[in-house]
Every structure is written in C-alpha cells, then in structure tokens.
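What follows is the residue order along each chain.
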Amino acid sequence: MTNPRQLTKNIGQGIIHLVLMAGVLFWLIPFVWMFLASLKPTEEIFTRFWPTRLTLEHYQLVFRGGTALRRPFLRSVFNNLFVAAVETAAMLIIGAITGYALGRLEFKGRKLLYNAILYQMVFPGVLFLIPTFLIVIRMRLINTYAGMIVRFLTDATAVFLFVQFFRTIPRDLIDAARVDGASELTILGRVMIPLSGSVTAFVALFNFQARWNEFLWNLIVAKDYDLMTLPVLLASFTHEYGGGQYAGARMAGATILTLPILILFLLFRSFFEEGIVTSGLKG
Amino acid sequence: MAAIAGTASQARLTQERRSNWTGYLLTSPYVIYNVIFWIYPFIWGSIIAFQRWNIISPEREFVGLDNFIGVLKNPQFWNALLVTFRFWIFFLPAVIIASLGLAMLLRRVDRFRAFYIAGYLASYTMAGVAYSVVFRLLLSGNGLINTWIWQLFHVRVPWFTNPRIAIISIALVVVWKFIGYYGLIFLAGLQAIPRELYEAAAIDGARAWARFWRITIPLLNPSFTVIFVFATILSFGIFTEPFLITGGGPLGSTQTFMLLIYQKTFENLEAGYGSAMAILMAAFSFVATAIVRKAIEREVAL
C-alpha cells in the first residue's frame, strides 16, 4: 500500500522530471540540429529535422575541397589547437609559479603585487584591445602565430586560484622538502602541483576552452587564410557565403569547433561546475 | 653571547634577502609580461585617445578632447547605448527567471541531477562563432524553427530581420547560452539556505508563495548580486553574435558598442577615435555596474 502523501510526492517528482527533461531536449536542439545538418543533404537542412539519408559530403568539402574553396579548414583546426595549447600552457606554468611565490613565499612587495592582480581581474578588456593591437603591429607580429599568442600568456584569475589553493597545503610538507635541499621550483613541481590536481585541471580546462573559442583577437591579428584559427576561418566563410550556400559545410565547421570542448566538458564535468560555482562566490 | 645573536640575525637577514630575491625571480615572468602587455597598453591607449591617428601613417597629431567630443556627438554611439540597454532590459529578467526556475527545480530532484546540469551547461561550452552560425540558420526566415512555427500558427517570426525584434532574438540566444551557468550559481545559493527556515515558516502557516518572497528571494541576494553584475558587464561586451548574425543591422538595431569600436578601429583605422570610444564605453559600463550593484546588494546573514 502506498500512502497518499507518498503518492502526491511521487507525482510531484514526476512532473518536475518531465519539465526538466523536456527543457534539456529543447535546450539541446541547436546541438543536435547542427550535428544532423552537417550530415544531411543540403536540401533537407531547412526543411527537415531528421534526415532521410546521411552523407559525408559537407565534411569532404570542408576537408578535401578546402583548397577549392580557398579555405584551409584542416589547417585552421591545427592552428586553433596550437594557439590555444601554447596559451593555456603559458597561463598554467606562469600562473603556478606566480601563485606559489605569492601564496607561500614572503618577500617585500608581495601584498602590493597580489592586490594588483586581484584588481586586474575586474578590469574591462576593451581598454586593452586597441593599444595591444598597436603594440603587436609595432613588434611586426601582425599576421603571425606569435601575434595571436602574445596577448594571452598570463591570466590573473589563474594566479588567484593557485594562490588560494597553495595556501591550503600543509606547511610541514614544504619545510620537509626544503630540509632535503629542494629548490623552490622543485617544491612547486614535486609537492605543490601533484597535490593541486583539481585546481590545475580546472585552470587548464577553463582557459583552454576560452582560448579555443577565442574570436575577436585572432580575427584582428590573423589576415592570411593559412594563419586563421577555426572560429576566424568559419566566420570569414560565413560572411562570404551568408545564405543557404554551403550551409552544410558551415555546420560541419561548427561541429568540428564544438566537439572537442564538448567532449572535454563531458569528461571533466565536475571541474567545470566547481569553477562556475567558485566564480559565483568570488564576484 | 652577543656574537651568537649577531650571527643569528645575520643568518636571518640573508635568509630574508634570499627569500626576497626568490620571490622577485619567481614573479618576474608575470610582472614583466604584464608591464609590457597590460600597464603599457593601458597608458598608451589613454594617450592615443587624445590623438588623431590612422594606424598606417607615422603621423600622429594631438587633438585634445576632439575624439571624446566627436564620440559624444556621434549618434551611432548613443544608438549603441540604446541597443545595449534594450539588450539588458530583455536579457536580464529573462535569464534570471529561466535560471532561477531551473535552479529551484534542480534543488527538488535527487536523481538525474548531474545529467540535467550537464544538459543545460553544454550550451555554455559552445564557441560563440559556432552557435552564432547555427542560430543564424536555425532562426532564419525559412529556417527550421520558422517552419515549425508556420505549421503551428501560420506566421513567420522575423527573428533577425525586424529592427524591433533582432536584439531580442540575440538576447534569447545569449539566454540559451547562460541558463546553465547562472542556474548553477543560483543552485549553490539555494543550497546555502538552511532547510529549517522553510520548515519553521511552513509550521507558522506561510504558503509556498510567501516562503518564496520572504525567504528565498531575500536570502538569495548574494547570487542575485553576482548575476546582475555579470549580466550587466556582459551586455556591454556583446560582439560575436551581432558580428556573425546581423552585422549590426537591420537599421543599426543590433549595432553594439564592441561592433562599433571594431568597425571604427579595425575597418576605418581610426585608432584615436576608437580608443576614446572604448574609454567612454568602459566608463558607462563601470557606472552601470556600480548602480546595479548598489540597487541590488544587501547585507545577508545566513
């Protein structure tokens, strides 16, 4: 016998699940539609949700016909990966070293520097866009990988997170390593980082996502097709063939842009979620 | 005795000095980089705003406040402010109702919570370029959504072609992106409210509606503040969506600040003018954020 209260509760739960599930399906329509559109014949893109037959012609056009379209898509994927990976690595390495010094060493000016970095976190990026672009022109780095990468080598938030986390690591561990004659960098690499897996993973994931998705800066620096990252190439392609032409190829490009981050997100979901909650507490 | 103390303090001094140098050495990559690519551009950007310069030519001319006056006299600048306001006034309530609703539902379920969160958060991970390209087709005049709406109601929604609707459509796209993100912030806020408060209120005879307005809303204030601030800053920085979907049109109805700055600086090469515009926009953004914060933020003791 189920008692009536339990029954009401179950019905309530059922309705909530129904609403949430319907919402998820609705929310995922753009993903599913993009993916299907990249696989269906052009004439079905606008007319049908479910394709009648699947085709790889759009992917073939994007990858093999890339030169016919004068758009080196495959190369732009590697460009994107290269630029985002170098930037993320620099942010991680410099972030961890700086975070260690600010969090666990005592030196004159430490407080001042830490406050400056906290201040940096809330500064609007728009103020730096134009002058940084002019510096890159002056350094003759326009239209180069270095020009794209040079803007994103450090991240104040990454330093902040490393400082916060390193401070929670017991002092004894650091002292013990010092007694053994370990240098500061050894302590960082052998003691601090291995104990900070979650924060390192989170900084790496969040920054890699942001750098992989970066658009505006790479758009103004990269002028040649051969240098463009995937978002920039896809945008230039979209501007040229705005309407229905090559719609499937565009969806194939968008799918290639989306999938790597989506997979990383599904694999390391908890780090993303933790990071978002932290960002909410910080603000 | 004195000699020993002397050696000890000597040792401490060297230790401290060594530590000073280690600190400087380890922070030097960050500091040097940020002097070159943060402080220097900041100062230079402020100087350029007082010059007329077209980037290509070596000639630069000091023009005083001309750029700022020019920006303030430019109707496009005020149009961008209006566009930002129209985006904000629609985006903010829509995203708050959606994400708060989501968080309240998520708090009530025990099973599948991780699945739902992943489902709603996925949109946040998608690149701006990717979803803009997708929505441009999905919401186009003869796109799939319009096909569905036509079958149901026999109308077509001019999502991106009607000047009164276009910015609202872009706001909807951004709501789609952020519901999971803001929902998680609200969920964390909800979980910080002790359940006993609700139980006590229920015993006192408070109905669900009263509990919502008297307990949930006031005690969620920290989350509300964060989201109001995030959403306000975001409203001033919209670029990728109008750049790819509408190009600022129709009739300038989606011409955001960032789009305007991009066109002036990187298409027309008016670096000084663009810098002045960026500074004025940052000032507006700063003031708007401060006002919003002041209006929303309350002391909450949990």
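Being a predicted model, the structure only gives us computed values, none of them experimental. Sequence order sets the numbering: in each chain, residues are counted from 1 along the sequence as written. As they are written, the chains are lettered A onward and the ligands numbered 1 onward, keeping that order. Where local features are concerned, this predicted model is filtered to residues with pLDDT of at least 70; where side-chain atom pairs are given and counted, the filter is 80 or more; whole-chain, interface and lining totals use all residues.

## Looking at the overall build of chain B
Stated formally: Helix numbering and strand numbering both begin at the N terminus, where a helix is a DSSP run of H or I of at least 4 residues and a strand a DSSP run of E of at least 2. To assign burial, the other C-beta atoms lying within 10 Å of each residue's own C-beta are counted, with C-beta atoms placed from the backbone; 20 or more indicates buried, 12 or fewer indicates exposed, and intermediate counts indicate partly exposed.
Looking only at helices and strands, chain B features 13 helices and two strands. Across its three principal directions, the C-alpha atoms of chain B cover 95 × 70 × 35 Å. The 302 residues of chain B split such that 38% are buried.

## A word on the overall build of chain A
Our working rule: Using C-alpha atoms as the atom set, the radius of gyration is obtained and then compared with a globule rule of 2.2 Å times the number of residues to the power 0.38. Contacts are defined on C-beta atoms placed from the backbone: any two residues whose C-beta positions lie within 7 Å are in contact.
Along chain A, the regular secondary structure elements total 16 helices and zero strands. In terms of C-alpha radius of gyration, chain A reaches 24 Å, well past the compact-globule figure of 19 Å for 283 residues. Reported as C-alpha extents along the three principal axes, the dimensions of chain A are approximately 75 × 70 × 35 Å. Taking all 283 residues of chain A together, 43% fall into the buried category. The contacts in chain A between residues at least 6 apart in sequence include a share of 72% that link residues at least 24 apart.

## Looking at the domain arrangement of chain B
As a reminder, the rule being used: Domain delimitation in this document rests on an assignment produced automatically or drawn from a domain database.
According to the domain assignment, chain B consists of domain 1 (2-48) and domain 2 (67-296). Taking the mean C-alpha position of each, domain 1 of chain B and domain 2 of chain B sit 42 Å from one another.

## Some details on unusual backbone geometry
All names here are of chain B. Cis rather than trans, the peptide bond between Gly249 and Pro250 has omega equal to -10°. Following the sequence through the fold, Pro250 ends up in the loop between helix H11 (240-245) and helix H12 (257-267). A positive phi angle, near 60°, is found at His154, a position not held by glycine. By secondary structure assignment, the location of His154 is in the loop between helix H6 (144-153) and helix H7 (166-191). Residue class for His154 comes out exposed when judged on the 7 C-beta atoms lying within 10 Å of it. Of note, the phi angle at Leu269 is positive, near 60°, even though the residue is not glycine. The topology assignment puts Leu269 in the loop between H12 and helix H13 (271-296).

## A closer look at the environment of A:Leu129
Examined against the element boundaries, A:Leu129 turns out to sit in helix H7 (residues 126-138). For the pair A:Leu129 and A:Arg151, spaced 22 residues apart in the sequence, the C-alpha separation amounts to 9.4 Å.

## A closer look at the environment of A:Leu20
Note on placement: A:Leu20 falls in helix H1 (residues 4-27). Separated by 239 residues in the primary sequence, A:Leu20 and A:Leu259 have C-alpha atoms spaced 24 Å apart. In contact with A:Leu20, not counting residues within four places along its chain, are B:Leu105, B:Val109 and B:Tyr116.

## Brief notes about the confidence of the model for chain B
The cut-off we apply is this: The quantity known as pLDDT measures the predictor's confidence residue by residue, on a range of 0 to 100.
For chain B, per-residue confidence averages 89 on the pLDDT scale, and 93% of positions sit at 70 or higher. In the predicted assembly, ipTM is 0.90 and pTM is 0.90.

## Examining the interface of chain B and chain A
Here is the rule we go by: Classification convention: Asp, Glu, Lys, Arg as charged; Ala, Val, Leu, Ile, Met, Phe, Trp, Tyr, Cys, Pro as nonpolar; all other residues, Gly among them, as polar.
Taken together, the contact between chain B and chain A spans 71 residues of the former and 69 residues of the latter. Here the side of chain B that touches chain A takes 18 residues from helix H1 (residues 2-48) of chain B, the largest share from any one element. Taken together, the residues of the side of chain B that touches chain A break down into 50 nonpolar, 20 polar and one charged.

## So, H1(A)
Applied cut-off: A helix's residues, less one, multiplied by 1.5 Å, set its expected span.
End to end, H1(A) covers 34 Å across 24 residues, agreeing with the expected 34 Å (1.5 Å per residue, within 8%). Sparse coverage of H1(A) is indicated by the burial of one of its 24 residues.

## With respect to the packing of H7(A) against H13(B)
Spelled out, the test is: Whenever a helix is involved, its axis is fitted only over the stretch in contact; in every case the axis is a line through C-alpha atoms, and angles between N-to-C directions fall within 0 to 180 degrees. In this scheme, roughly parallel covers angles under 35 degrees and roughly antiparallel covers those over 145, while 65 to 115 is roughly perpendicular and the rest are oblique. Two helices cross in a left-handed way if the nearer one is turned anticlockwise from the farther one by less than a right angle. They cross in a right-handed way if the turn is clockwise.
Closest axis-to-axis distance for the H7(A)/H13(B) pair is 8 Å, and the angle between their directions is 160°. In this view, H7(A) runs roughly antiparallel relative to H13(B), as classed from their interaxial angle. In this structure, H7(A) crosses over H13(B), and the sense of that crossing is left-handed. In this structure, H7(A) contributes A:Val126, A:Leu127, A:Leu129, A:Ile130 and A:Leu134 to the contact, and H13(B) contributes B:Ala271, B:Gly274, B:Ser275, B:Ala278, B:Ile279, B:Met281 and B:Ala282. Looking at the contact of H7(A) with H13(B) residue by residue, the classes come out as 10 nonpolar, two polar and no charged.

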